[in-house]
Amino acid sequence: QVQLVESGGGLVQAGGSLRLSCAASGRTFSDYAMGWFRQAPGKEREFVATISDHGDSANYADFVKGRFTISRDNTKNTVYLQMNSLKPEDTAVYYCARGKLFSGFSRFASNYDYWGQGTQLTVSS
């Protein structure tokens, strides 16, 4: 059983920065792409960013390009989301997810098989 534990959420002012972390259990972390999604109140869960298994490729939602950076440290079984220039509309619960083998480097939630419990980000104006 894989467990994903997010941390680093909180309250930040607009224009500020924050880094989310997601620690994964298991010994095969580097075999899988990882992703970040978010869900705001009353909205559908949406894709934020994904990173390939070895970290050499990343893909972002248009609304975070140039502001957010996804990275990973396979020696620590951890994926990160550095968020800069935060906006009130970034307020959401952020989830990390493990991609399915061979199909996980994706914008689609259905291509991810394990999810964390989420961490709340609130951006005040």
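The structure presented is a predicted model; accordingly, all values stated were derived computationally and were not measured.

One pass over the full model with this rule turns up 5 salt bridges. We note a salt bridge from Asp90 to Arg38, for which the minimum N-O separation is 2.9 Å. Of this pair, Asp90 sits in the loop between strand 8 (78-83) and strand 9 (92-99) while Arg38 sits in strand 4 (residues 34-39), and the two are 52 residues apart along the sequence. Relative accessible area serves as the criterion here: at 6%, Arg38 is assigned to the buried category. One salt bridge connects Asp90 with Arg67, and the closest N-O pair in it is separated by 2.7 Å. Pair noted here: Asp90 is in the loop between strand 8 and strand 9 and Arg67 is in the loop between strand 6 (58-60) and strand 7 (68-73), with a separation of 23 residues, a long-range link. Considered together, Asp90 and Arg67 belong to a single accessibility category, that of buried residues. Residues joined by salt bridges that share partners form a network here, namely Arg38, Glu46, Arg67 and Asp90.

Here we come to the pairing of strand 1 (residues 4-7). Residue alternation in strand 1 divides its side chains into a buried set, Leu4 and Glu6, and an unburied set, Val5 and Ser7. As paired elements, strand 1 and strand 3 (residues 18-24) share 4 bridges and run antiparallel to each other. Bridging from a neighbouring strand, Glu6 pairs with Cys22 of strand 3.

Time to look at the sheet that holds strand 8. Sheet architecture is open: 4 strands sit in the order 1-3-8-7, paired in antiparallel fashion. In the strand order of this sheet, the two ends are held by strand 1 and strand 7, each with one partner. Recorded for the sheet is a direction-independent mean angle of 15° between the axes of neighbouring strands.

Along the chain, Ser30 turns up in the loop between strand 3 and strand 4. Each C-alpha atom, one on Ser30 and one on Ala61, is 23 Å from the other, the two residues being 31 residues apart in sequence. In this structure, Ser30 is in contact with Asp53, His54, Arg72 and Asn74, ignoring residues within four places of it in sequence.

What counts, and at which threshold
Residues numbered from 1 in each chain as written. Predicted model: local features only at pLDDT ≥ 70, side-chain atom pairs only at ≥ 80, totals over all residues. Heavy atoms only, no water. Salt bridge = Lys/Arg side-chain N within 4 Å of Asp/Glu carboxyl O. Helix = DSSP H or I, 4+ residues; strand = E, 2+ residues; numbered from the N terminus. Buried < 20%, exposed > 50% of the residue type's maximum accessible area, 1.4 Å probe, protein only. Pairing = 2+ DSSP bridges. Axes fitted to C-alpha atoms, helices over the stretch in contact; angles between N-to-C directions. Contact = heavy atoms within 4.5 Å.

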